Amino acid sequence: MRSTLAGLMIAAGACALTGCAAFAPPPPDDADVQEWMQQQSDEAGENDGVMTGLAGSAPASDEEGTRMDFASPTDLSAIEFSCFGDDAMSIAISSSSGDQGEGVEIKDLRCDESPHRLDKSIGTRDLDSFSANATSAHGYGAWSIVLRP
């Protein structure tokens, strides 16, 4: 009994030291990811803006991400974030209006619960630009944001 308990403790310690990498899901198929990203663009309305990107493992706020500049000040009625698979992602979003800008990072958005409405998280009036980037705990995945006027 003692040797079984000791073996379990050693295994748990090894898992803690290695981050349990053996339990991470395998990377998604590239073709499936590309198809999902195209579907996100296809499903958006004619007047909606769509941003898509691949997620890495660096903190979302550390990367430049994707930026959309508007031809004239734009009001958004909704910002919807979706991600591919059943992982969780963190997203860094920012918007600018004139010389004012604001940003926020939202953590642990479950991909299998997409889409997530983010319009209460950040300014959505008279926008000149909108930026986004996402990161995945496993270091891979895809994300999409639909900006609805």
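Shown above is the structure to which this text applies.
Because the structure is predicted, anything quoted here is derived from the model rather than measured. (Residues numbered from 1 in each chain as written. Predicted model: local features only at pLDDT ≥ 70, side-chain atom pairs only at ≥ 80, totals over all residues. Heavy atoms only, no water.)

Trainee: Any chance you could explain the overall build of the chain here in plain terms?
Mentor: Looking only at helices and strands, the chain features two helices and eight strands. Order of helices (α) and strands (β) in the chain, N terminus to C terminus: α-α-β-β-β-β-β-β-β-β. Within the chain, the proportion of its 149 residues that are buried is 38%. Counted over contacts in the chain with a minimum sequence separation of 6, partners at least 24 positions apart contribute 78%. Working note: accessible area of the chain is about 8800 Å², and carbon and sulfur atoms make up 51% of it. (Helix = DSSP H or I, 4+ residues; strand = E, 2+ residues; numbered from the N terminus. Buried < 20%, exposed > 50% of the residue type's maximum accessible area, 1.4 Å probe, protein only. Contact = heavy atoms within 4.5 Å. Areas by Shrake-Rupley, 256 points an atom, 1.4 Å probe, with all protein chains shown as cover.)

Trainee: Is there a simple way to think about the packing of aromatic side chains in this case?
Mentor: Note on aromatic pairs: each is described by the distance of the centres and the angle between the planes. Taken as a whole, this structure holds one aromatic pair when the rule is applied. For the pair Trp-36 and Phe-84, a centre-to-centre distance of 5.9 Å together with 70° between the ring planes defines the contact as edge-to-face. Within this pair, whereas Trp-36 is found in helix H2 (residues 30-43), its partner Phe-84 is found in the loop between strand E3 (78-83) and strand E4 (88-97), the two being separated by 48 residues in sequence. Residues Trp-36 and Phe-84 agree in their burial class; the two are buried. (Phe/Tyr/Trp six-rings, centres within 6.5 Å; stacked < 30°, edge-to-face > 60°.)

Trainee: Is there a simple way to explain the sheet that holds strand E8 (residues 142-148) in this structure?
Mentor: Pairing between the strands of a sheet comes from backbone hydrogen bonds, and it takes one of two forms, parallel or antiparallel. Here four strands make up an open sheet; going across it, the order is E1-E8-E3-E6 and the pairing antiparallel. In this open sheet, the two strands that pair with only one neighbour each are strand E1 (49-54) and strand E6 (116-117). Here E1 runs beside E8; their pairing, made up of six bridges, is antiparallel. In the strand pairing of E8, Met-51 is matched with Ile-145. Set on the sheet, H2 makes contact with E1, E3 and E8; between it and E1 the angle comes to about 165°. (Pairing = 2+ DSSP bridges. Axes fitted to C-alpha atoms, helices over the stretch in contact; angles between N-to-C directions.)

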